[in-house]
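Next come the chains, spelled out residue by residue.
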Amino acid sequence: MADDDLPDSLEPAIDVPPRDEPPPPPTPKGDMRVPSVVAIVSGVVVIAWYIFVVTASAISEIDNLPWIQIGMWVLAGVSFVCGIVSLNARMARELAAAGFIAGVAAGLLSISIGFFSGIELLN
């Protein structure tokens, strides 16, 4: 019979060579997760600082306040730039959008509140 010549489907294939492993997928372009996270974290720090400046600066005396204010301006600039860079994201777009919003919010707060309070602090 013809069925006797066919191999048993439950037997292991001993004489079949193993296949080559496919190459790993290339690194995806447009992965802007790191700048997005940097924009979010630095934006949250800047926003928290300006909330502190607006609410508690009248009752608190902080040493080195001008240096902290200059550091917040730099941090707001980093957050703003990383937020703009996040616009190029092709992956994790929700995270990139959050990074952009945090960067723009930190930049706007730094210009509005930070500029005038910084001039007050530096004088």
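Residues numbered from 1 in each chain as written. Predicted model: local features only at pLDDT ≥ 70, side-chain atom pairs only at ≥ 80, totals over all residues. Heavy atoms only, no water.

Asks: Quick question: what am I supposed to make of the overall build of the protein chain here?
Replies: When its secondary structure is counted, the protein chain shows three helices and zero strands. The linear arrangement of helices and strands in the protein chain, starting from the amino end, is α-α-α. Within the protein chain, the fraction of its 123 residues that count as buried is 25%. Restricting to contacts in the protein chain with at least 6 residues of sequence separation, those with at least 24 account for 78%. (Helix = DSSP H or I, 4+ residues; strand = E, 2+ residues; numbered from the N terminus. Buried < 20%, exposed > 50% of the residue type's maximum accessible area, 1.4 Å probe, protein only. Contact = heavy atoms within 4.5 Å.)

Asks: Would you mind showing me how to read the environment of M72 here?
Replies: Along the chain, M72 turns up in helix α2 (residues 65–85). For M72, a relative accessible area of 12% translates into the label buried. Taking the C-alpha atoms as reference, M72 lies 9.5 Å from I47; in sequence the two are 25 residues apart. If sequence neighbours within four positions are ignored, M72 has contacts with V45, V46, W49 and Y50.

Asks: Please clarify how the confidence of the model for the protein chain should be interpreted in this entry.
Replies: Predicted coordinates in areas of low pLDDT are best not read in detail. Counting all residues, the mean pLDDT for the protein chain is 78, and 72% of those residues have values of 70 or more. Per-residue pLDDT, averaged within each element of the protein chain, yields its smallest value for helix α3 (residues 93–122) (79) and its largest for helix α1 (residues 33–56) (85). (pLDDT = per-residue confidence, 0-100.)

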